[in-house]
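# Summary of structural features
Letter by letter, the chains look like this.
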Amino acid sequence: MSTDLKEKAKPQAPQPRPGLMDVPPYVPGKSKLADGGPVIKLSSNETPLGASPRAVEAHRAAAEKMERYPDGGATDLRETLAAHHGLDAARIVCGAGSDELFHLLAQAYLGPSDEAIYTEHGFLVYRIVIMASGATPVVAPEREFRADVDAILAAVTPRTKAVFLANPNNPTGTYLTSAEVRRLRADLPGHVLLVLDGAYAEYAPAADFDDGAALADETANTVMTRTFSKLHGLASARVGWAYCPADIAAVLNRIRSPFNVSGPGMAAAVASVQDTAHTDAAVAHNAKWRDWLIKELRAAGIPVTPSAANFILAHFDATGAKTAEAADAWLQERRIIVRKLDAYGLPHALRISIGRDEDNRAVARALKDFMES
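Let me sum up the structure you'll find in this document. (Residues numbered from 1 in each chain as written. Predicted model: local features only at pLDDT ≥ 70, side-chain atom pairs only at ≥ 80, totals over all residues. Heavy atoms only, no water.)

What follows deals with the sheet that holds strand E12 (residues 311-315). Taken in spatial order, the four strands line up as E11-E12-E15-E14 in an open sheet, and their pairing is antiparallel. Single-partner strands in this sheet number two, and they are strand E11 (304-305) and strand E14 (339-340). Along the sheet, helix H12 (residues 324-333) contacts E14 and strand E15 (349-353); its crossing angle with E15, the most-contacted strand, is approximately 35°. (Pairing = 2+ DSSP bridges. Helix = DSSP H or I, 4+ residues; strand = E, 2+ residues; numbered from the N terminus. Contact = heavy atoms within 4.5 Å. Axes fitted to C-alpha atoms, helices over the stretch in contact; angles between N-to-C directions.)

It is worth spelling out the sheet that holds strand E8 (residues 193-197) at this point. Taken in spatial order, the seven strands line up as E2-E10-E9-E8-E7-E3-E4 in an open sheet, and their pairing is mixed. The open sheet terminates on both sides in strands that have one partner only, identified here as strand E2 (92-95) and strand E4 (136-140). Ignoring which end each strand starts from, the neighbouring axes of this sheet average 20° apart. Against the sheet, helix H3 (residues 75-85) engages E2, strand E9 (222-227) and strand E10 (240-243), with an angle of about 125° to E2.

Following the criterion strictly, the structure yields two cavities of 30 Å³ or more and no others. Estimates place the volume of the largest cavity at around 40 Å³. Along the walls of the largest cavity sit Thr119, Glu142, Arg146, Ala147, Leu165, Ala166, Asn167, Asn169, Thr174, Tyr175 and Leu176, which together make up its complete lining. Breaking the lining of the largest cavity down by element, the ones donating at least two residues are strand E6 (146-147) and strand E7 (160-166). Among the residues making up the lining of the largest cavity, the classes are represented as five nonpolar, four polar and two charged. There is about 30 Å³ of room inside the second largest cavity. Forming the walls of the second largest cavity are Thr47, Pro48, Tyr203, Ala282, Asn286, Asn310 and Ile354. (1 Å grid on protein atoms, 1.4 Å probe; cavity = no way out; pocket = protein on both sides within 12 Å on 5 of 7 lines; lining within 4 Å. Points joined across faces, edges and corners; volume = space filled by probe spheres on them. Nonpolar A, V, L, I, M, F, W, Y, C, P; charged D, E, K, R; others polar.)

This brings us to the state of the cysteines. The full count for this structure, using the stated rule, is zero disulfides. A disulfide-free cysteine, Cys94 has its sulfur positioned 10 Å from the sulfur of Cys244, the nearest such atom. Taking relative accessible area as the criterion, Cys94 reaches 4% and is therefore assigned buried. (Disulfide = S-S within 2.5 Å. Buried < 20%, exposed > 50% of the residue type's maximum accessible area, 1.4 Å probe, protein only.)

Summed over the entire model, instances satisfying the criterion amount to eleven aromatic pairs. Relative to Tyr126, the ring of Phe102 has its centre 5.5 Å away and its plane inclined at 80°; by these criteria the two rings are edge-to-face. Of this pair, Phe102 sits in helix H4 (residues 97-109) while Tyr126 sits in helix H5 (residues 124-132); the two residues are 24 residues apart in sequence, bridging distant segments of the chain. Tyr126 matches Phe102 in its accessibility class, with the two residues each being buried. For the ring pair Trp289 and Trp292, a centre distance of 5.1 Å and an interplane angle of 70° mean the geometry is edge-to-face. (Phe/Tyr/Trp six-rings, centres within 6.5 Å; stacked < 30°, edge-to-face > 60°.)

So this is what it looks like as C-alpha cells:
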C-alpha cells in the first residue's frame, strides 16, 4: 500500500478550535476522602443551613411534571426577583448558575483579537470563559488580597473589551466599596463591559458595599450577576441570574439555550426568594460564625484576611512545619476538608467555608492543635 493510501486509511478526528486545549479545566473543591467515609466538608462555600424547606417542596412538586419543558423565559422567577430587589424584570436573564452567564457574556462580547481583565486571585472560571472565547486573559495585581482599581485601569489597552470582578471576591473574601466600584466604572472606557459577580453579595455586611444593580440601571456597560448556589442553598439545582442594560439582555436572550434553567430549579428559586426568614437566618448564622472563626484562628497564631463572604482565607508559613500543605493534611486526618488554593496563586493559604456550629468548632480546635503540635 502506498504511503498516501496509508495516510488516508488513518482514522480522522475533529480538531478543536485553536487555543481550546490550552483552557485549564476547572477543578472543584474536594468533597470526599479516599475511603469515602463521612467528612466535615468546608471546601465549597455551601450554606450550612441547606435550602429552604419551601424551596425543597417546590422542587419536589415541580419534579412531578418533568416531562414538560420549563418556561423558556423564566417569567415567574424574573418577576419574583424583580419584585424582591426592585428591578426591571425585562432586564433579568436567568442561567444555569452564574457560570453559564459568564460564558454567554464572553461569547457575546469577546473574540480572538480582544483582551479581558480579572484580578490576581479572582475566580478561576473567568480565565476559562475568556480563553474559551478566543480572547486573551489579562491579570491585574491585587493589593493585600484586594482588587486594586488603579491596577485594573493600568491593565487596560485598546484591546480590552471586558473586566470580570467578583465582589466580594472568591477566594479572598475581600470587597471593593461602592465608591471604588463606581470609580472603576467611570474611568473604564465606555466600550469595556464591567461584569460584577455578586455570588457572595448577600453576605457583605458593610454599609459601603453595593451589589452593582444600580450601575446596571445607570449605565449601558455594566452587568451584575447573582447565584442561588450560596445563600439559597440551591447549588445542585444550578440557577443564576444577571441584571443587564436592555441591549445586553437582548443579546444574551438571543444566544442562550431556549430552556437553560430547569423547571424544578426555577420553582425552588422562586420559593427561596419568598422565604426571607430562611435567608435571613442564613445571613445571621454566617455573620456570627465567620467572626467567631476569624477570632479563634487569629488567637491560635493563624493570620486571617478580613472576609465579607461565607468563608475565610487563612494564611500559613511558606516553609517549615506550619505550611498550608501540612495544615491541610492535618485536617484531612481529622476528616475535615477545606480548599487548597495553589491554582489561585495562594499556595500558602487555605479557604475555609463557614459551616454548622459543630463544624466550625471542629476546624478551629483542629487548627489550634496543629499550631501547638
